[in-house]
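# Structure at a glance
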Amino acid sequence: MGPYILTIQGLEDRFAYPYPLMFALARMVMNFCTPERAMAVAVTLLNSLSVWIADRYFLEFIKSRLTGVRKEITLWQEMMAHGLILTMFFVSMLYLPYSASTVAGISRCMGTYTPNPLWNATYLATRPFSVVSFFAGADLLEKYESKASLREYLTFAVSLFLGALAKPSFTLVAVAVYAVVLLYRFFRSRGKNLIKSLYFGFCVLPAGFLMIYQFFGVFSGTDYVEEESGIGIAPGAVWGLYTDNILRSVLLGCAFPLLVLLLNVRKLKTVSWFRHAWQLWLSGFLMFFFLYEKGFRMSHGNFAWGYMHGMFFVFLAGLMMLVENTLQARMKKEKCAVCLEWIFYAAHLVCGIHFFLYMLAGQDPLV
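Quick summary incoming for the structure in this document. (Residues numbered from 1 in each chain as written. Predicted model: local features only at pLDDT ≥ 70, side-chain atom pairs only at ≥ 80, totals over all residues. Heavy atoms only, no water.)

Within the protein chain one finds 13 helices and 4 strands. What you see for the protein chain is a C-alpha radius of gyration of 21 Å, in line with the 21 Å of a compact globule of 367 residues. Each principal axis of the C-alpha distribution contributes one length, and for the protein chain these read about 65 × 55 × 45 Å. Of all 367 residues assigned to the protein chain, the portion counted as buried reaches 51%. A separation threshold of at least 6 residues defines the contact pool for the protein chain, and within that pool the share at least 24 residues apart is 72%. Of the accessible surface of the protein chain, which amounts to about 17900 Å², a share of 68% is contributed by carbon and sulfur atoms. A distance of 12 Å separates the average location of the 30 positive side-chain charges in the protein chain from that of its 21 negative side-chain charges. (Helix = DSSP H or I, 4+ residues; strand = E, 2+ residues; numbered from the N terminus. Rg over C-alpha atoms; globule rule 2.2 N^0.38 Å. Buried < 20%, exposed > 50% of the residue type's maximum accessible area, 1.4 Å probe, protein only. Contact = heavy atoms within 4.5 Å. Areas by Shrake-Rupley, 256 points an atom, 1.4 Å probe, with all protein chains shown as cover. Lys, Arg positive; Asp, Glu negative; His and termini not counted. Charge placed at Lys NZ, Arg CZ, Asp CG, Glu CD.)

Laid out in structure tokens, this is it:
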């Protein structure tokens, strides 16, 4: 947080931050308090906005599954929905909470990672816009070849742009997904959806141009220690700095969503938000696994932020799928599968609450 506080005060700093949204908000708040508190308030506001936005989308999802012919859900059902979405902002990777800092050489977080890296301000600043982009993008991918409204296009475009303005970590993995999907569908249709594809592409352009500007602001020339800046390819090199077994780390970080995927893999074809979440996760995984930043930033593992955004959305989609399965379970086999999914989700939540308290006590989250 120290470099961010220096930045909002206009003091010289060795890092470049060509994503001004969080810093602009903190500067506004700084008119009423110290720089340290201003940054804390700005990040808290943005993270709280994430919870509120996710809650709105999740509540609409619950209503669509519960109401049937009724127009309203009960107060108890609504309170349950609020409580469930709140737990999403505490789940973490799996580890043994009451062990030493590491178990058999496995770090609590580094190498395994978490859908809720609460120690990173710019990740939290990006998340409210990434949540909107996720739902708007999933909806638009389902509709753009037939009929989508101007409001839907604008919601998607603005949220994607603001996400990049906060930090391009989510936008980078999302734009890669959209590029691949659009190209695949374009060739599949033999060019018949060209106009519709262009409409979708125009929504991505503002965020795309902003990311190009950000790229040259960070990765051109040399850094402050006169080392070459840029992006290189080295499979597993950065991830391998923090774990000796990437597969194990992925399983510990994503046990619940991977279980939900295994039990509901057929729904990837029919449920747009479930498919889109896994597209984002795969994009983030591939970028983090293959790419690295040249120079002193290599060990920072900054491509992990896109992977953690992907983790958040497969957890969110997994929770939504779990709720849907719980409401629809009738046969004994289905009920057993749902119980197993709840057990895995609860395990991630227990670890997440313990991890939150661990950080709240002032302990280093990166060990």
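Having put the structure on the table, let's press on.
Counting residues in hydrophobic clusters, the biggest one holds 104 residues, and the most contacted among them are F58, M88, W273 and Y307. No other element matches helix α12 (residues 304-328), which puts 16 residues into this core. Those residues within four positions of Y307 in sequence are excluded, and the remaining contacts are T112, Y113, W239, V250, C254, W281, G284, F285 and F288. Counting 9 residues, the second-largest nonpolar core is a separate cluster that includes C109, A255, Y358 and M359. (Core = buried A, V, L, I, M, F, W, Y, C linked by side-chain atoms within 4.5 Å.)

Following both chains from N to C, one finds helix α3 (residues 35-66) and α12 inclined at 20 degrees, their axes separated by 11 Å at the closest point. One element, α3, and the other, α12, form an angle in the roughly parallel class. By crossing handedness, the relation of α3 to α12 is classed as right-handed. Of the residues in α12, those in contact with F58, F61, I62, R65 and L66 of α3 are L319, M320, V323, E324 and L327. Residues of the contact of α3 with α12, tallied by class, amount to 8 nonpolar, no polar and 2 charged. (Axes fitted to C-alpha atoms, helices over the stretch in contact; angles between N-to-C directions. Parallel < 35°, antiparallel > 145°, perpendicular 65-115°, else oblique. Left-handed = near helix turned anticlockwise from the far one by under 90°. Nonpolar A, V, L, I, M, F, W, Y, C, P; charged D, E, K, R; others polar.)

This part covers the side chain of H309. Secondary-structure assignment places H309 in helix α12. A polar contact is formed between the side chain of H309 and the side chain of S169, at a distance of 3.2 Å. Residue contacts for H309: discarding those within four places in its chain leaves Y123, T126, S130, S169 and F170. (Polar contact = N/O pair within 3.5 Å; in protein donor to acceptor, adjacent residues only side chain to side chain.)

Our focus in this paragraph is the pattern of salt bridges. According to the stated counting rule, one finds 8 salt bridges in the structure shown. The shortest N-O distance in the salt bridge between K143 and D139 comes to 3.3 Å. Taken together, the residues span about one helical turn, with K143 and D139 both in helix α5 (residues 121-143) at a distance of 4 residues. Of the residues examined, D139 reaches a relative accessible area of 26% and is grouped as partly exposed. If you follow the salt bridges from partner to partner, you end up with D139, K143 and E152 in one network. (Salt bridge = Lys/Arg side-chain N within 4 Å of Asp/Glu carboxyl O.)

It is worth spelling out a nonpolar patch on the surface at this point. The grouping of L194, I195, L198, Y199, F202, L205, F209, I212, F215, F216 and I231 at the surface amounts to a nonpolar patch, some 1000 Å² of accessible area in total. Per-element accounting of the nonpolar patch gives the leading share, 10 residues, to helix α8 (residues 194-219). A relative accessible area of 42% means that Y199 is categorised as partly exposed. (Patch = residues over 30% accessible without salt bridge, like charges linked within 9 Å, V, L, I, M, F, W, Y side chains within 5 Å.)

A few words now on the packing of aromatic side chains. The final tally for this structure, using the stated rule, is 38 aromatic pairs. Taking 6.2 Å as the distance between ring centres and 75 degrees as the angle between the ring planes, the aromatic pair formed by Y95 and F355 counts as edge-to-face. Of the two residues, Y95 is situated in the loop between α4 (75-87) and β1 (102-103) and F355 in helix α13 (residues 332-360); the sequence distance between them amounts to 260 residues. For Y95, a relative accessible area of 12% puts it in the buried group. Owing to a relative accessible area of 2%, F355 belongs among the buried residues under this scheme. Ring geometry for F156 versus Y178: centroids 5.2 Å apart, planes at 80 degrees, classification edge-to-face. Taken together, the residues F156 in helix α6 (residues 150-166) and Y178 in helix α7 (residues 169-188) connect sequence positions 22 residues apart. Accessibility classification places F156 together with Y178 in one group, the buried group. (Phe/Tyr/Trp six-rings, centres within 6.5 Å; stacked < 30°, edge-to-face > 60°.)

Bear in mind that shape data such as this cannot, by itself, settle questions of function.
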